[in-house]
Amino acid sequence: MRDLRHRIAKAAFVRHTGGSMNKRFFITTAIDYVNGQPHLGHAYEKIVADVIARSRRSLGQEVFFLTGLDEHGQKVQQAAIAEGKTPQAYCDQLAADWKAFAKKLELTNDDFVRTTEPRHKEFVQAILARLHAAGQFYKETYKGFYSTKEETFLTDKDRLPDGTFDPAYGEVIELEESNYWFKLRAQQQWLIDYLEANPTFVQPDYRRNEVLGFLKNSTLEDLCITRPAARLNWGIPLPFDKDFVTYVWFDALVNYISIPAAHGDATVLATSNSELRTPNSEFELWPADIHVIGKDILKFHAVFWPIMLKAMGLPLPKQILVHGWWQKEGAKISKSTGNIVDPIAVIDEWGLDAFRFYVLRELDIGPDGNWTDAGFRARYQAELANGLGNLVNRSLSMLKRYRNGLVPAKHDELAAAAAKAADETHALLKLNQLQAALQSIWGLVTRANQYVDQTRPFSLAKDPAQAKRLDEVLYNLVETCRVLAVLLWPFLPDTATKIYAQLGLTGTPDKFSEATWGGLPPGHPIGEPAPLFPRKDSPQP
Ligand code: ME8
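Residues numbered from 1 in each chain as written. Predicted model: local features only at pLDDT ≥ 70, side-chain atom pairs only at ≥ 80, totals over all residues. Heavy atoms only, no water.

Taken together, the neighbourhood of the ligand is formed by 23 residues, with Ile31, Glu45, Asp70, Asp296 and Trp326 sitting nearest. Taking His42, its side chain carries an N or O atom lying 3.2 Å from an oxygen atom of the ligand. Between the ligand and Asp70, the relevant distance is 2.7 Å, taken from a nitrogen atom to a side-chain nitrogen or oxygen of the residue. Summarising the interface, the protein chains cover 94% of the accessible area of the ligand, which totals 670 Å² for the free molecule. (Near = heavy atom within 4 Å. Polar contact = N/O pair within 3.5 Å; in protein donor to acceptor, adjacent residues only side chain to side chain. Areas by Shrake-Rupley, 256 points an atom, 1.4 Å probe, with all protein chains shown as cover.)

Have a look at this one:
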């Protein structure tokens, strides 16, 4: 009976929301090529996704956050050969570094995909078999231009006005070979209509317009989804023709559904036409809520991927969130010129949260960013050490000194400012406006620091007649610190946890609902204050 009532309630919920109660908020990042070490651009993207994942959890949603590595293809094969290793040995070694890097960034990813894993490969093959059987592919000999560096076929349309190909394509050769092609052409108008009917599918808007412009002004070519094994063998073999391996992009994009399949997501399993896994009705991921990607891979995600999904009969992801590219000191990040930001070195010297703060506060999701060492130091000093760090340290130190570390009676002079910051942050997090959310949180930091300057608790402490006023001021300050810890948690998890510990609170400030004023009970003993962001005199970050 109880079970029946539960099922009815659940069915009503599903009807009402158009979704399921078990559907998790599913967020992914691009999966990085393993042909080198992670750099600032990789770190930034993963941190953006992590903050969104953490904030959704804090707001009470169940989240599944997926990141990982793209291990097939020519670039990886060439890099392995250059090091005298087999591609698998090369990938295994680098995958260990990249996984350690995810830990270093304190990513809260729920899974880490490697495209060489059997769970991924077998799903890619199942999809290929299904699409082949459905007549979505055809085999044809192509004669034309090919960029080995980008592993892509080029046509005369790709030529620059002077007749050459963009140097980004590297060496362009003439090639004649047989391959399998995936039918895209017939879907062009459907995709235009979809993008027009779903304005938030690609964000920010100017990226959506870019895709629409491309689709409206050119004819979509069919996509070559294989490479002859004789030329490139580091790929997933086609299940229906052993002479070919799968094109690396077709393989890589499928990670967004192969991992849901590996966890038993019924929607994606239904499309693979195979008995790979038993569906788990408690675990629903697809469609993804957000794919976080960089601007250079927009076409793959906003053109090829939707058409692949349509051919499989799967719903499209809800949003493709496109970030810009980082430069350093105004120049392209490039290993050959030594113009790199090594995230690990910065984190080791300045701490993870200083790194997370700088990239999120400096760059909104969308435009390109410019890392400058001077800018990094300036934000560290002004916003972290003198802003947040100073506020927390002096608030807690004064409570220790003047009230023996015991929280006074509740008072609400800063309650409205805290509520404003919490409401704004809540709304901005829902919109993935991370930079604006940090600005709002720092509005509260600034307000509380001004409050210290205006109320002058160090002067109040000298006058016994002002004891009640001092209690009020101190309550407002330590309670603001507590609210700040909750608001900061998705962005600066270590700092937020340290603030909680210094306030003598156990656990982590990972529930947004606790950002409501008045959480610190009178008489509560706080812990030991300690500087959150030590001052640095070092010249280089
Ligand atoms: O493209 N600034 O891998 P990748 C910001 N394997 N972001 C940057 C950046 C920079 N300087 N450099 C790279 C691939 N990125 C494919 C993805 S997904 C199914 C397959 C971003 O290692 C880039 O935009 O070249 C992309 O989103 C991610 O890092 C991985 O790039």
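Now, onward.
The end-to-end C-alpha separation of helix H4 (residues 87-104) is 25 Å, in line with the 26 Å expected for 18 residues at 1.5 Å each. When H4 is considered as a whole, its buried residues turn out to be Pro87, Tyr90, Cys91, Leu94, Ala95, Trp98, Phe101 and Ala102. Projected down its long axis, H4 shows its buried positions confined to an angular sector of 125 degrees, all on one face. Buried positions along H4 lie against strand E2 (32-33), helix H2 (40-58), strand E3 (63-70), helix H3 (74-82), strand E4 (111-114) and helix H12 (343-350). (Helix = DSSP H or I, 4+ residues; strand = E, 2+ residues; numbered from the N terminus. Expected span 1.5 Å × (residues − 1). Buried < 20%, exposed > 50% of the residue type's maximum accessible area, 1.4 Å probe, protein only. Arc of directions from axis to C-beta. Contact = heavy atoms within 4.5 Å.)

Let us look at the nonpolar core. The biggest cluster of nonpolar side chains holds 102 residues, and the ones touching the most others in it are Ile27, Phe355, Val359, Trp371, Leu388, Trp442 and Phe491. By residue number, the principal contributor to this core is helix H18 (residues 467-488), which donates 13 residues. Excluding residues that lie within four positions of it along the chain, Ile27 makes contacts with Ala49, Ile52, Ala53, Val63, Phe64, Phe65, Leu66, Ile290 and Val292. Counting 62 residues, the second-largest nonpolar core is a separate cluster that includes Val211, Ile257, Leu269 and Met312. (Core = buried A, V, L, I, M, F, W, Y, C linked by side-chain atoms within 4.5 Å.)

Position of Glu122 among the secondary structure elements: in helix H5 (residues 118-133). Judged by its relative accessible area of 31%, Glu122 is partly exposed. Sequence separation of Glu122 and Leu276 is 154 residues, and the distance between their C-alpha atoms is 8.1 Å. In this structure, Glu122 is in contact with Leu276 and Arg277, ignoring residues within four places of it in sequence.

This part covers the sheet that holds strand E15 (residues 326-328). Read across the sheet, three strands follow the order E16-E15-E17 without closing on themselves; strand pairing throughout is mixed. Across the chains shown, the open sheet's two edge strands, defined by having one partner strand only, are strand E16 (331-332) and strand E17 (369-371). Sitting on the sheet, helix H13 (residues 352-362) is in contact with E15 and E17, with an inclination near 145 degrees to E17. (Pairing = 2+ DSSP bridges. Axes fitted to C-alpha atoms, helices over the stretch in contact; angles between N-to-C directions.)

Time to look at helix H6 (residues 188-197). When H6 is considered as a whole, its buried residues turn out to be Gln188, Leu191, Ile192 and Leu195. For H6, the angular spread of buried residues about the axis comes to 100 degrees, placing them on one side.

Turning next to the sheet that holds strand E5 (residues 137-147). Within the open sheet, the four strands sit side by side as E6-E5-E7-E9. Their pairing is antiparallel. Unpaired on one side and paired on the other, strand E6 (152-154) and strand E9 (223-224) mark the two borders of the sheet. Sheet topology places E5 next to E6; three bridges connect them, and they run antiparallel. Its bridge partner lying in E6, Tyr146 is registered against Phe153.

This paragraph deals with the side chain of Arg54. Note that Arg54 resides in helix H2. The contact partners of Arg54, leaving out residues within four places of it in the chain, are Glu106, Thr108, Arg356, Trp489, Pro490 and Pro493.

Moving on to the packing of H5 against helix H9 (residues 255-262). Put simply, H5 and H9 touch, their axes get as near as 9 Å, and they point 110 degrees apart. Taken together, the axis directions place H5 and H9 in an arrangement best described as roughly perpendicular. Along this stretch, H5 crosses H9, giving a crossing that reads as right-handed. Contact with H5, carried on its side by Arg119, His120, Phe123 and Ile127, involves Asn255, Ile257, Ser258, Ile259, Ala261 and Ala262 of H9 and no other residues of that element. The residue inventory of the contact of H5 with H9, partitioned by class, reads six nonpolar, three polar and one charged. (Parallel < 35°, antiparallel > 145°, perpendicular 65-115°, else oblique. Left-handed = near helix turned anticlockwise from the far one by under 90°. Nonpolar A, V, L, I, M, F, W, Y, C, P; charged D, E, K, R; others polar.)

It is worth spelling out empty space enclosed by the protein at this point. If you walk through the whole model with that rule in mind, you get three cavities of 30 Å³ or more. Residue assignment for the lining of the largest cavity shows that the elements contributing at least two residues are H2, E3 and H4. Of the residues contributing to the lining of the largest cavity, the split by class is six nonpolar, three polar and two charged. Its volume calculated, the second largest cavity comes out at about 40 Å³. Of all elements in the fold, only H5 and H9 reach the threshold of two or more residues within the lining of the second largest cavity. Class assignment of the residues belonging to the lining of the second largest cavity gives a composition of five nonpolar, one polar and three charged. (1 Å grid on protein atoms, 1.4 Å probe; cavity = no way out; pocket = protein on both sides within 12 Å on 5 of 7 lines; lining within 4 Å. Points joined across faces, edges and corners; volume = space filled by probe spheres on them.)

Before going further, it helps to examine the packing of H12 against H13. If you want to describe how two helices pack, look at the angle between their axes and the distance between the axes. The N-to-C vectors of H12 and H13 enclose an angle of 120 degrees; their axes lie 6 Å apart at closest approach. As far as their axial angle goes, H13 and H12 are oblique. Each of Pro343, Val346, Ile347 and Trp350 in H12 lies in contact with H13, whose residues at this interface are Leu352, Ala354 and Phe355.

A full pass over the atoms with the stated rule returns 32 aromatic pairs. Summarising the aromatic geometry, the rings of Trp249 and Phe300 are spaced 3.8 Å apart at their centres and angled 10 degrees between planes, so their arrangement reads as stacked. With Trp249 in helix H8 (residues 248-253) and Phe300 in helix H11 (residues 298-312), this residue pair connects regions lying 51 residues apart in the sequence. Just as Trp249 is buried, Phe300 falls in that class too. An aromatic cluster is present here, built from Tyr44, Trp326, Trp350, Phe355, Tyr358, Trp371, Phe376, Tyr380 and Phe533 joined pairwise through their rings. Positioned above the aromatic ring of Phe145 is the side chain of Arg159, whose terminal nitrogen or guanidinium carbon lies 4.7 Å from the ring centre. It is Arg231 that lies over the ring of Tyr146; its NZ or CZ is 4.5 Å from the centre. (Phe/Tyr/Trp six-rings, centres within 6.5 Å; stacked < 30°, edge-to-face > 60°. Lys NZ or Arg CZ within 6 Å of the ring centre and 35° of its normal.)

What follows is about the layout of surface pockets. Considering only enclosed or pocket space, the second largest pocket measures out at about 320 Å³ in volume. Contributing to the lining of the second largest pocket are 17 residues, with Gln203, Gln319, Leu321, Leu431 and Asn432 lying nearest its centre. The residue makeup of the lining of the second largest pocket, split by class, is six nonpolar, five polar and six charged.

Once the charged atoms of two side chains with opposite charge are near each other, the side chains can pair. Using the criterion set out here, one finds 39 salt bridges in the structure. Residue Lys149 is joined to Glu150 by a salt bridge in which the shortest nitrogen-to-oxygen separation is 4.0 Å. Between Glu362 and Arg379 there is a salt bridge; the shortest N-O distance is 2.9 Å. With a gap of 17 residues between them, Glu362 in helix H13 and Arg379 in helix H14 (residues 373-403) connect regions that are remote in the sequence. Under the relative-accessibility criterion, Arg379 is labelled buried at 17%. Ionic contacts of the salt-bridge type, sharing partners, join the residues Lys157, Arg185, Glu221 and Asp222 into one network. (Salt bridge = Lys/Arg side-chain N within 4 Å of Asp/Glu carboxyl O.)

In short, the description is geometric, and any link to function would need to be established separately.
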